[in-house]
Amino acid sequence: MRLWTLHPKYLDAKGIVALWREALLAQAVLRGLTRGYRHHPQLDRFRSQAKPRSAINAYLAGVHAESLRRGYRFDARKCRGTRMQSRMSTTSGQLKHEWQHLLAKLKARSPVDYGKWKALRRPQAHPLFKVVPGPVAEWERR
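Residues numbered from 1 in each chain as written. Predicted model: local features only at pLDDT ≥ 70, side-chain atom pairs only at ≥ 80, totals over all residues. Heavy atoms only, no water.

1. Here we look at the nonpolar core
Counting residues in each nonpolar core, the largest one holds 33 residues, and the members touching the most others are L3, F46, Y59 and L102. When contributions to this core are tallied by element, the ones reaching two or more residues are α1 (13-30), α3 (52-70) and α4 (92-109). Considering each element in turn, this core owes the most residues, 8 residues, to α1. The contacts of F46, once residues within four sequence positions are left out, are L3, L30, P52, A55, I56, Y59, M88 and L128. (Core = buried A, V, L, I, M, F, W, Y, C linked by side-chain atoms within 4.5 Å. Buried < 20%, exposed > 50% of the residue type's maximum accessible area, 1.4 Å probe, protein only. Helix = DSSP H or I, 4+ residues; strand = E, 2+ residues; numbered from the N terminus. Contact = heavy atoms within 4.5 Å.)

Next up, the structure:
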């Protein structure tokens, strides 16, 4: 499971579809509807919020907004519900780590997208996140 901290605009077609599915899985986990993935480390940052389900809905809404911009037909009903009024924090180290990870993926599976983004040095975060100085997150598997 990879719930990107990066803005979904950087993902290739395969990546954004996978993100949508994985975020829906995360939503199901946070609702207690699954047996698997309950202890996945990427869910820790959502569980640490006062309203974890609102946080994942807000995350899904950001992915959905990007899907609309691309002309995709992701089901908006999947991200309905109370959404967070504030943003979650992430670190600059986490964003940098994910950026390098994504560039490696794009280089292998989507050279056009890789060429589009490879020179970018300061990628944006998903709209749910505000970036603060700091290292790679503790929950990140390296």
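So, next bit.
2. A look at the pattern of salt bridges
For the coordinates displayed, the defined rule picks out 6 salt bridges. Notably, a salt bridge pairs E140 with R2, separated by 2.8 Å at the nearest N-O pair. Separated by 138 residues along the polypeptide, E140 in the segment after β2 (129-132) and R2 in the segment before α1 bring together distant segments of the chain. With respect to burial, E140 and R2 carry one shared label: buried. Residues joined in a network through salt bridges with shared partners are R2, E98 and E140. (Salt bridge = Lys/Arg side-chain N within 4 Å of Asp/Glu carboxyl O.)

3. Some points on the layout of surface pockets
In this model, the largest pocket occupies a volume close to 230 Å³. Per-element tally for the lining of the largest pocket: the top contributor is α4, with 5 residues. Of the residues that constitute the lining of the largest pocket, the class distribution is 5 nonpolar, 2 polar and 3 charged. (1 Å grid on protein atoms, 1.4 Å probe; cavity = no way out; pocket = protein on both sides within 12 Å on 5 of 7 lines; lining within 4 Å. Points joined across faces, edges and corners; volume = space filled by probe spheres on them. Nonpolar A, V, L, I, M, F, W, Y, C, P; charged D, E, K, R; others polar.)

4. A short note on the packing of aromatic side chains
Under the defined criterion, the tally for this structure stands at 6 aromatic pairs. Where Y10 meets W117, the ring centres are 4.6 Å apart and the plane angle is 85°; that geometry is what we call edge-to-face. Note that Y10 is positioned in the segment before α1 and W117 in helix α5 (residues 111-117), a separation of 107 residues in sequence. Assessed through its relative accessible area of 2%, Y10 is described here as buried. With a centroid separation of 6.4 Å and an interplanar angle of 70°, the aromatic rings of Y59 and F129 are classed as edge-to-face. Placement of Y59 in helix α3 and of F129 in strand β2 is noted, with a sequence separation of 70 residues between them. (Phe/Tyr/Trp six-rings, centres within 6.5 Å; stacked < 30°, edge-to-face > 60°.)

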